[in-house]
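Examining the three-dimensional arrangement
This is what each chain is made of:
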Amino acid sequence: MKTIAVINQKGGVGKSTTASAIGGGLTLEGAKVLFVDLDAQCNLSYLMEASISGLTQASALDVLQGNASAAEAVQHTAQGDVIAASPALAGADIVLTATGKGYRLKEALEALAGLYDYCVIDTPPALGVLTINALTACNGCIIPAQADFLSLQGIGQLHGTIETVRKYCNPGLKVYGIVLTRYSARAVISREVSAMMEETASSLQTRLYKTRIRECTAVKEAQAMRKPIYSYAPRSNASADYTALVKEIKEELEG
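Here's a quick rundown of the structure. (Residues numbered from 1 in each chain as written. Predicted model: local features only at pLDDT ≥ 70, side-chain atom pairs only at ≥ 80, totals over all residues. Heavy atoms only, no water.)

**Let's talk about the overall build of the protein chain**
Here is the rule we go by: For helices the rule is a DSSP run of H or I covering at least 4 residues; for strands it is a run of E covering at least 2, with both sets numbered from the N terminus onward. C-alpha atoms define the radius of gyration in this analysis, and the globule rule sets the expected value at 2.2 Å times the number of residues to the power 0.38. Relative accessibility decides the category of a residue: with a 1.4 Å probe and only protein chains considered, values under 20% of the type maximum give buried, values over 50% give exposed, and everything between is partly exposed. Any two residues whose heavy atoms approach within 4.5 Å at even a single point are treated as in contact. The Shrake-Rupley method, run with a 1.4 Å probe sphere, supplies the accessible areas, and residue values consider only the shown protein chains as cover.
Helices and strands together make up the secondary structure of the protein chain, namely 12 helices and seven strands. A compact globule built from 255 residues would reach a C-alpha radius of gyration of about 18 Å, and the protein chain, at 17 Å, matches this within 12%. For the protein chain, the C-alpha atoms occupy an extent of roughly 50 × 40 × 35 Å along the three principal directions. Counting the 255 residues in the protein chain, one finds 55% classified as buried. Long-range contacts, defined as pairs at least 24 residues apart, comprise 77% of the intrachain contacts of the protein chain with a sequence gap of at least 6. Summing over all exposed atoms, the protein chain offers an accessible surface of approximately 11300 Å²; the carbon and sulfur share of this is 52%.

Below is the structure:
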């Protein structure tokens, strides 16, 4: 099972949308995909119509605390299998304190390795214990970023966390690439930041994906309807862009 973490400590860059689209695109190509939502905002869980109460169904936090196995937490929804988030994840840095806390997700997912081709992890906009768990559990990460200067700064901070995880927890951790989201080719700043992002990607020893995810109202509409972009608006720019991105990712993972 190839495990991909979608990560950026900056909020509002389209992490949940990207995680949903990557996993959904891989599913359309015939892969068996498990989604894991580690964000207390529960956006990915909501999009997949999963239970996020944490009362009747084990959540990602239950798995991290050892109160449930990963298999017990998997929910089977119309959009795929997901280990859902819960609002209680907001306190993860307080409740997860024992030795080995950064390895909890990795250990839990090992029991499911033979059941799925891919695991896609959505992460919170923070560099705490949940993000460390995601980076420790994954083979590599994908960084969604908007074409603005604050995203450039954020990726620089993220680089330090990735290097720390490589050193102490996951020596094989790769940065698969950076993907620009909410992109507007007509905006001068988008083109300027795109060029600078190429340099940033090079400094991380990775690449900026050729595919840019263009700004598209169909994304918000699909989310409101809790539908995958591929079925809600198959001819939209977003559907075309995410399809192209999934192709790039798959070529790299299988190449």
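**So, the packing of aromatic side chains**
Short version of the rule: Pairing of aromatic rings covers Phe, Tyr and the six-membered ring of Trp, with a centre-to-centre limit of 6.5 Å; geometry is then stacked below 30 degrees between planes, edge-to-face above 60, and tilted otherwise. For a ring to carry a charge above it, either NZ of a lysine or CZ of an arginine must fall within 6 Å of the ring centroid while also lying within 35 degrees of the normal to the ring plane.
Enumeration over the complete set of coordinates arrives at zero aromatic pairs. The aromatic ring of Y46 is capped on one face by R226, whose charged end is 4.0 Å from the ring centroid.

**Thoughts on the sheet that holds strand β5 (residues 118-122)**
Within a beta sheet, neighbouring strands are joined by backbone hydrogen bonds and run either parallel or antiparallel to one another. As a reminder of what qualifies: Strands are labelled as partners when DSSP assigns at least two bridges between them. For helices, the axis comes from a line fit to the C-alpha atoms of the stretch in contact; other axes are also lines fit to C-alpha atoms, and the angle between any two N-to-C directions lies between 0 and 180 degrees.
The strand order across the open sheet built from seven strands is β3-β4-β2-β5-β1-β6-β7, with neighbouring strands paired in mixed fashion. Here the strands that pair on one side only, and so sit at the sheet edges, are β3 (74-77) and β7 (174-181). Neighbour-to-neighbour, the strand axes of the sheet open up by a mean angle of 25 degrees, direction not taken into account. For strand β6 (residues 140-146) and β7, the ladder comprises seven bridges, and the chain directions are parallel.

**Examining the packing of helix α1 (residues 15-28) against helix α12 (residues 237-254)**
Heads up, the rule is: For classification purposes, angles smaller than 35 degrees are called roughly parallel, those larger than 145 roughly antiparallel, those between 65 and 115 roughly perpendicular, and all remaining angles oblique. The residue classification treats Ala, Val, Leu, Ile, Met, Phe, Trp, Tyr, Cys and Pro as nonpolar and Asp, Glu, Lys and Arg as charged. All others, Gly included, are polar.
Packing of α1 against α12 brings their axes to within 9 Å, and their N-to-C directions diverge by 70 degrees. When the axes of α1 and α12 are compared, the pair comes out roughly perpendicular. On α12, the residues that touch T17, T18, A21, I22, G25 and L26 of α1 are Y242, L245, V246, I249 and K250. Split by residue class, the contact of α1 with α12 holds seven nonpolar, three polar and one charged.

**Things to note about the pairing of β7**
Condition: With its strands directed away from the observer, a crossover is right-handed exactly when the path from the first strand over the helix to the second travels clockwise.
Among the eight residues that make up β7, seven are buried, leaving the element largely enclosed by the rest of the structure. Handedness of the β6-helix α8 (residues 149-168)-β7 crossover: right-handed.

**Re the environment of L130**
Here L130 is to be found in helix α7 (residues 129-137). Sequence separation between L130 and G23 is 107 residues; the distance between their C-alpha atoms is 20 Å. Among all residues touching L130, those that are not within four sequence positions of it are L38, L64, L89, A92 and P124.

**Looking at a nonpolar patch on the surface**
Quick note on the threshold: The residues that make up patches have over 30% relative accessible area and no salt bridge, and they are joined within 9 Å when like-charged or within 5 Å when they are Val, Leu, Ile, Met, Phe, Trp or Tyr. The term salt bridge refers to a pairing of a side-chain nitrogen on Lys or Arg with a carboxyl oxygen on Asp or Glu at a separation within 4 Å.
Residues F149, I189 and M196 make up a contiguous nonpolar surface patch of roughly 260 Å² in combined accessible area. Counting through the fold element by element, I189 comes out in helix α9 (residues 188-203).

**Some remarks on the state of the cysteines**
A covalent bond bridging the sulfur atoms of two cysteines is what the word disulfide describes. Rules: When two cysteine sulfur atoms lie within 2.5 Å, the pair is treated as a disulfide.
The tally for this structure, following the rule as stated, stands at zero disulfides. In this model C119 remains outside any disulfide bridge; the closest cysteine sulfur is found in C138, 9.4 Å from its own. For C119, a relative accessible area of 0% gives the class buried.

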